[in-house]
Amino acid sequence: MKTTVLLSISRLTLFFVTGIVFTQSKPLKDHVLFYSSFDGKSSADIAMGDAMIYTAKNYKETANAEIGLKDPNVVLAKGKGLTGDAIHFKEAKTSAVFYKAYKNVGYSKESWSGTISFWLRLDPNKDLAPSYCDPICVTDSQWNDAGLWVDFTDHNPRRFRLGAMGDIAVWDPNNDSDETDWNKRTVMVNPSPFQSKTWTHVAIVFSNVNTETKSTFKLYLNGSFMGVVKDVNDPFTWEYEKAKIMLGLGYIGLMDELAIFNKPLDSSEVRAIFELKKGIKNWFQ
(Lines give C-alpha, C1' and ligand atoms only; values in the text may rest on other atoms or scores of the structure.)
Protein backbone atom coordinates (compact mmCIF):
# COMPACT_ATOMS: atom_id res chain seq x y z
CA MET A 1 0.00 0.00 0.00
CA LYS A 2 2.82 2.39 0.97
CA THR A 3 4.67 1.58 -2.26
CA THR A 4 1.52 2.22 -4.31
CA VAL A 5 1.01 5.61 -2.67
CA LEU A 6 4.64 6.60 -3.27
CA LEU A 7 4.38 5.59 -6.93
CA SER A 8 1.20 7.61 -7.30
CA ILE A 9 2.86 10.66 -5.76
CA SER A 10 5.87 10.23 -8.06
CA ARG A 11 3.62 10.04 -11.12
CA LEU A 12 1.69 13.09 -9.96
CA THR A 13 4.93 15.01 -9.40
CA LEU A 14 6.16 14.03 -12.87
CA PHE A 15 2.87 15.16 -14.36
CA PHE A 16 3.11 18.57 -12.71
CA VAL A 17 6.78 19.05 -13.65
CA THR A 18 6.08 18.04 -17.25
CA GLY A 19 3.03 20.28 -17.26
CA ILE A 20 5.08 23.26 -16.07
CA VAL A 21 7.61 22.78 -18.86
CA PHE A 22 4.83 22.44 -21.41
CA THR A 23 2.88 25.47 -20.23
CA GLN A 24 6.06 27.55 -20.20
CA SER A 25 7.16 26.72 -23.74
CA LYS A 26 3.81 26.76 -25.49
CA PRO A 27 2.77 30.28 -24.39
CA LEU A 28 6.25 31.63 -25.21
CA LYS A 29 6.01 30.14 -28.69
CA ASP A 30 2.74 31.97 -29.19
CA HIS A 31 4.37 35.29 -28.24
CA VAL A 32 7.16 35.18 -30.84
CA LEU A 33 6.90 38.06 -33.32
CA PHE A 34 10.22 37.52 -35.03
CA TYR A 35 12.82 34.77 -35.01
CA SER A 36 15.95 34.23 -37.07
CA SER A 37 17.94 31.04 -36.53
CA PHE A 38 20.50 31.98 -39.23
CA ASP A 39 20.47 28.29 -40.19
CA GLY A 40 21.29 28.14 -43.89
CA LYS A 41 19.69 31.52 -44.61
CA SER A 42 19.77 35.09 -43.41
CA SER A 43 16.01 35.66 -43.69
CA ALA A 44 13.92 35.15 -40.58
CA ASP A 45 12.21 31.83 -39.82
CA ILE A 46 9.27 33.65 -38.22
CA ALA A 47 8.23 37.24 -38.97
CA MET A 48 5.06 39.25 -38.50
CA GLY A 49 6.48 41.79 -40.97
CA ASP A 50 9.24 41.58 -43.59
CA ALA A 51 11.41 38.51 -43.03
CA MET A 52 14.28 39.59 -45.27
CA ILE A 53 17.64 40.93 -44.15
CA TYR A 54 18.97 44.03 -45.93
CA THR A 55 22.37 45.53 -46.66
CA ALA A 56 23.08 49.16 -47.54
CA LYS A 57 26.29 51.10 -48.02
CA ASN A 58 25.62 52.87 -44.71
CA TYR A 59 22.65 53.89 -42.57
CA LYS A 60 22.18 57.14 -44.47
CA GLU A 61 21.50 55.17 -47.65
CA THR A 62 19.04 52.54 -46.44
CA ALA A 63 16.51 53.63 -49.07
CA ASN A 64 18.84 51.92 -51.57
CA ALA A 65 19.36 48.79 -49.48
CA GLU A 66 19.56 45.40 -51.22
CA ILE A 67 17.96 42.21 -49.98
CA GLY A 68 20.43 39.75 -48.50
CA LEU A 69 23.92 39.83 -47.04
CA LYS A 70 25.94 41.88 -49.52
CA ASP A 71 28.93 42.74 -47.34
CA PRO A 72 31.71 40.11 -47.67
CA ASN A 73 32.61 40.74 -44.03
CA VAL A 74 29.15 39.63 -42.86
CA VAL A 75 28.48 35.98 -43.64
CA LEU A 76 26.65 32.89 -42.43
CA ALA A 77 29.08 30.69 -40.53
CA LYS A 78 28.18 27.06 -41.17
CA GLY A 79 28.10 24.92 -38.04
CA LYS A 80 29.37 27.75 -35.83
CA GLY A 81 26.04 28.58 -34.17
CA LEU A 82 24.60 27.74 -30.80
CA THR A 83 22.85 25.06 -32.84
CA GLY A 84 23.37 24.98 -36.60
CA ASP A 85 24.71 28.12 -38.26
CA ALA A 86 25.25 31.69 -37.06
CA ILE A 87 25.80 35.13 -38.54
CA HIS A 88 29.45 36.17 -38.40
CA PHE A 89 30.68 39.77 -38.44
CA LYS A 90 34.30 39.27 -39.46
CA GLU A 91 35.41 42.89 -39.37
CA ALA A 92 34.14 46.19 -38.00
CA LYS A 93 32.00 47.25 -40.93
CA THR A 94 30.70 50.53 -42.27
CA SER A 95 27.82 48.96 -44.19
CA ALA A 96 24.31 48.77 -42.73
CA VAL A 97 22.91 45.29 -42.08
CA PHE A 98 19.36 45.22 -40.73
CA TYR A 99 15.90 43.73 -40.58
CA LYS A 100 12.88 45.98 -40.86
CA ALA A 101 11.27 46.50 -37.47
CA TYR A 102 7.78 47.24 -38.76
CA LYS A 103 5.38 44.64 -37.27
CA ASN A 104 8.40 42.59 -36.13
CA VAL A 105 8.93 44.31 -32.77
CA GLY A 106 5.36 45.02 -31.68
CA TYR A 107 5.92 48.77 -31.33
CA SER A 108 3.00 50.96 -30.28
CA LYS A 109 2.87 54.69 -29.63
CA GLU A 110 0.35 54.04 -26.81
CA SER A 111 1.88 51.06 -25.00
CA TRP A 112 4.91 48.98 -25.93
CA SER A 113 6.33 46.00 -24.06
CA GLY A 114 8.41 43.06 -25.21
CA THR A 115 11.65 41.10 -25.11
CA ILE A 116 14.66 40.90 -27.42
CA SER A 117 16.67 37.68 -27.06
CA PHE A 118 19.89 36.63 -28.80
CA TRP A 119 23.26 34.97 -28.30
CA LEU A 120 26.77 36.36 -28.82
CA ARG A 121 30.17 34.69 -28.99
CA LEU A 122 33.37 36.71 -28.87
CA ASP A 123 36.22 37.81 -26.65
CA PRO A 124 35.53 41.56 -26.52
CA ASN A 125 39.00 42.37 -25.21
CA LYS A 126 40.73 40.61 -28.10
CA ASP A 127 38.30 40.59 -31.02
CA LEU A 128 36.84 44.11 -31.16
CA ALA A 129 38.31 47.15 -32.84
CA PRO A 130 39.29 49.98 -30.43
CA SER A 131 35.96 51.79 -30.34
CA TYR A 132 32.38 51.39 -29.12
CA CYS A 133 30.30 48.79 -30.93
CA ASP A 134 26.60 47.87 -30.91
CA PRO A 135 25.72 44.22 -31.63
CA ILE A 136 22.07 45.35 -31.89
CA CYS A 137 20.21 48.66 -31.95
CA VAL A 138 16.48 49.07 -32.55
CA THR A 139 15.36 52.55 -33.61
CA ASP A 140 13.82 54.56 -36.44
CA SER A 141 16.52 57.20 -36.17
CA GLN A 142 19.74 56.80 -34.22
CA TRP A 143 21.01 55.20 -31.03
CA ASN A 144 20.45 58.27 -28.82
CA ASP A 145 17.04 59.24 -30.22
CA ALA A 146 14.38 56.65 -29.37
CA GLY A 147 16.95 53.87 -29.50
CA LEU A 148 17.11 50.57 -27.58
CA TRP A 149 20.51 48.89 -27.75
CA VAL A 150 23.38 47.01 -26.18
CA ASP A 151 27.00 47.86 -26.73
CA PHE A 152 30.57 47.10 -25.73
CA THR A 153 32.31 50.21 -24.44
CA ASP A 154 35.87 51.25 -25.24
CA HIS A 155 37.05 50.71 -21.66
CA ASN A 156 39.95 48.38 -20.92
CA PRO A 157 38.74 45.80 -20.09
CA ARG A 158 35.59 46.15 -22.14
CA ARG A 159 32.26 46.64 -20.41
CA PHE A 160 28.86 45.58 -21.69
CA ARG A 161 25.94 47.98 -21.49
CA LEU A 162 22.21 48.25 -22.10
CA GLY A 163 20.95 51.63 -23.27
CA ALA A 164 17.36 52.86 -23.42
CA MET A 165 17.41 56.37 -24.84
CA GLY A 166 13.98 57.85 -25.56
CA ASP A 167 13.25 60.90 -27.68
CA ILE A 168 16.32 63.11 -27.59
CA ALA A 169 14.06 66.17 -27.68
CA VAL A 170 12.75 65.07 -24.27
CA TRP A 171 15.80 63.72 -22.43
CA ASP A 172 18.48 66.00 -23.93
CA PRO A 173 16.77 68.97 -25.62
CA ASN A 174 19.74 71.31 -25.19
CA ASN A 175 22.44 68.77 -26.07
CA ASP A 176 23.94 69.20 -22.61
CA SER A 177 23.40 65.74 -21.08
CA ASP A 178 25.71 64.75 -18.24
CA GLU A 179 26.70 61.52 -16.50
CA THR A 180 23.55 61.55 -14.39
CA ASP A 181 21.35 61.59 -17.50
CA TRP A 182 23.29 58.67 -18.97
CA ASN A 183 23.36 56.58 -15.82
CA LYS A 184 19.57 56.82 -15.55
CA ARG A 185 19.23 55.28 -19.00
CA THR A 186 21.92 52.61 -19.02
CA VAL A 187 22.87 49.39 -17.25
CA MET A 188 26.61 48.65 -17.10
CA VAL A 189 28.04 45.16 -16.66
CA ASN A 190 31.63 45.08 -15.48
CA PRO A 191 33.30 42.73 -15.96
CA SER A 192 31.31 41.22 -18.82
CA PRO A 193 31.15 37.39 -19.09
CA PHE A 194 31.73 37.07 -22.85
CA GLN A 195 34.28 34.52 -24.09
CA SER A 196 35.48 33.40 -27.50
CA LYS A 197 34.75 29.69 -27.01
CA THR A 198 31.36 29.90 -25.29
CA TRP A 199 28.02 31.48 -26.15
CA THR A 200 26.47 34.17 -23.94
CA HIS A 201 22.72 34.71 -23.90
CA VAL A 202 21.44 38.30 -23.86
CA ALA A 203 17.84 39.30 -23.08
CA ILE A 204 16.46 42.85 -23.10
CA VAL A 205 13.08 42.98 -21.36
CA PHE A 206 11.09 46.20 -21.58
CA SER A 207 7.64 47.22 -20.38
CA ASN A 208 5.22 50.16 -20.24
CA VAL A 209 7.02 52.21 -22.88
CA ASN A 210 4.88 55.12 -24.14
CA THR A 211 2.47 54.88 -21.22
CA GLU A 212 1.81 57.06 -18.19
CA THR A 213 3.46 54.36 -16.07
CA LYS A 214 7.23 54.65 -15.76
CA SER A 215 9.01 52.36 -18.21
CA THR A 216 11.43 49.61 -17.20
CA PHE A 217 14.23 48.10 -19.26
CA LYS A 218 15.89 45.01 -17.78
CA LEU A 219 19.09 43.29 -18.88
CA TYR A 220 19.73 39.56 -18.39
CA LEU A 221 22.90 37.63 -19.23
CA ASN A 222 22.87 33.83 -19.23
CA GLY A 223 19.52 33.87 -17.49
CA SER A 224 20.69 36.10 -14.63
CA PHE A 225 19.37 39.59 -13.92
CA MET A 226 22.05 42.27 -14.42
CA GLY A 227 20.18 45.50 -13.78
CA VAL A 228 17.32 47.75 -14.78
CA VAL A 229 16.69 51.19 -16.24
CA LYS A 230 13.75 52.63 -14.32
CA ASP A 231 12.31 55.87 -12.96
CA VAL A 232 12.40 57.50 -16.38
CA ASN A 233 9.49 57.82 -18.73
CA ASP A 234 10.98 59.13 -21.96
CA PRO A 235 8.68 58.52 -24.93
CA PHE A 236 9.89 56.47 -27.88
CA THR A 237 8.31 58.25 -30.84
CA TRP A 238 8.92 56.37 -34.07
CA GLU A 239 7.96 56.53 -37.68
CA TYR A 240 7.35 52.81 -37.37
CA GLU A 241 7.74 51.95 -41.04
CA LYS A 242 11.25 53.46 -40.97
CA ALA A 243 12.38 51.58 -37.85
CA LYS A 244 15.13 48.98 -38.12
CA ILE A 245 16.67 46.13 -36.18
CA MET A 246 20.27 47.15 -36.80
CA LEU A 247 22.86 44.40 -36.48
CA GLY A 248 26.60 44.45 -35.86
CA LEU A 249 27.42 48.16 -35.76
CA GLY A 250 31.20 47.96 -35.35
CA TYR A 251 30.80 44.43 -33.94
CA ILE A 252 33.26 41.60 -34.60
CA GLY A 253 32.03 38.16 -33.57
CA LEU A 254 29.18 35.69 -33.89
CA MET A 255 25.46 36.19 -33.28
CA ASP A 256 22.71 33.57 -33.23
CA GLU A 257 19.07 32.85 -32.31
CA LEU A 258 17.65 36.37 -32.60
CA ALA A 259 14.09 36.42 -31.26
CA ILE A 260 11.61 39.15 -30.40
CA PHE A 261 8.58 38.56 -28.18
CA ASN A 262 5.48 40.71 -27.78
CA LYS A 263 5.58 40.43 -23.98
CA PRO A 264 8.07 41.24 -21.23
CA LEU A 265 9.37 37.84 -20.16
CA ASP A 266 9.74 37.20 -16.45
CA SER A 267 12.96 35.86 -14.96
CA SER A 268 11.88 32.21 -15.16
CA GLU A 269 10.94 32.58 -18.83
CA VAL A 270 14.28 34.22 -19.65
CA ARG A 271 16.07 31.38 -17.90
CA ALA A 272 13.95 28.82 -19.77
CA ILE A 273 15.18 30.26 -23.09
CA PHE A 274 18.77 30.28 -21.83
CA GLU A 275 18.43 26.60 -20.88
CA LEU A 276 16.94 25.45 -24.20
CA LYS A 277 19.15 22.66 -25.52
CA LYS A 278 18.35 23.05 -29.21
CA GLY A 279 17.32 26.69 -29.44
CA ILE A 280 13.99 28.34 -30.12
CA LYS A 281 13.76 26.70 -33.53
CA ASN A 282 12.83 23.46 -31.79
CA TRP A 283 9.48 25.05 -30.81
CA PHE A 284 8.47 25.31 -34.46
CA GLN A 285 9.50 21.86 -35.69
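Quick caveat: nothing in here was measured; it's all calculated off a predicted structure.

### Points about unusual backbone geometry
Across the junction of asparagine 156 and proline 157, the peptide omega takes the value 5°, indicating a cis bond. Within the secondary structure layout, proline 157 lies in the loop between β10 (147-152) and β11 (160-165). In this chain, asparagine 190 is followed by proline 191 through a cis amide linkage whose omega measures 0°. Note on placement: proline 191 falls in the loop between β12 (186-189) and β13 (200-209).

### Looking at the packing of aromatic side chains
The way to describe two aromatic rings as a pair is by their centre distance and the angle between their planes. Per the counting criterion, the structure on display carries 23 aromatic pairs. Measuring from ring centre to ring centre gives 5.5 Å for tryptophan 143 and tryptophan 182, while their planes differ by 35°; the resulting arrangement is tilted. Pair noted here: tryptophan 143 is in the loop between β9 (133-139) and β10 and tryptophan 182 is in helix α4 (residues 179-184), with a separation of 39 residues, a long-range link. According to the relative accessible area criterion, tryptophan 182 is partly exposed, its value standing at 21%.

### So, the pattern of salt bridges
Taken as a whole and assessed by the stated rule, the structure comprises 7 salt bridges. For lysine 41, the salt bridge goes to aspartate 45, with nearest N and O atoms at 3.8 Å. Of the residues examined, aspartate 45 reaches a relative accessible area of 28% and is grouped as partly exposed.

### A closer look at the sheet that holds strand β4 (residues 66-67)
Here we have 8 strands laid out as an open sheet, ordered β4-β3-β7-β16-β9-β10-β11-β12, and antiparallel in their pairing. This sheet does not close on itself; its edge strands, each paired only once, are β4 and β12. The pairing of β10 with β11 spans 6 bridges and is classified as antiparallel. Paired with phenylalanine 152 across the strands is phenylalanine 160, a residue of β11.

### Some words on the confidence of the model for the chain
Taken over all residues, the pLDDT of the chain has a mean of 90, while the share at 70 or more is 91%. This stretch, residues 1-25, has a pLDDT under 50; its non-local contacts, to residues over four places away or in other chains, come to 4 contacts.

### A few points about the pairing of strand β3 (residues 53-56)
Side chains of β3 alternate between two faces, with Ile53 and Thr55 and Tyr54 and Ala56 buried alike. Across 4 bridges, the pairing between β3 and strand β7 (residues 96-100) is antiparallel. Bridge pairing links threonine 55 to valine 97 in β7. The pairing of β3 with β4 spans 2 bridges and is classified as antiparallel. Within β4, the position partnered with tyrosine 54 by the bridge is isoleucine 67.

Calculation rules
Residues numbered from 1 in each chain as written. Predicted model: local features only at pLDDT ≥ 70, side-chain atom pairs only at ≥ 80, totals over all residues. Heavy atoms only, no water. Helix = DSSP H or I, 4+ residues; strand = E, 2+ residues; numbered from the N terminus. Phe/Tyr/Trp six-rings, centres within 6.5 Å; stacked < 30°, edge-to-face > 60°. Buried < 20%, exposed > 50% of the residue type's maximum accessible area, 1.4 Å probe, protein only. Salt bridge = Lys/Arg side-chain N within 4 Å of Asp/Glu carboxyl O. Pairing = 2+ DSSP bridges. pLDDT = per-residue confidence, 0-100. Contact = heavy atoms within 4.5 Å.

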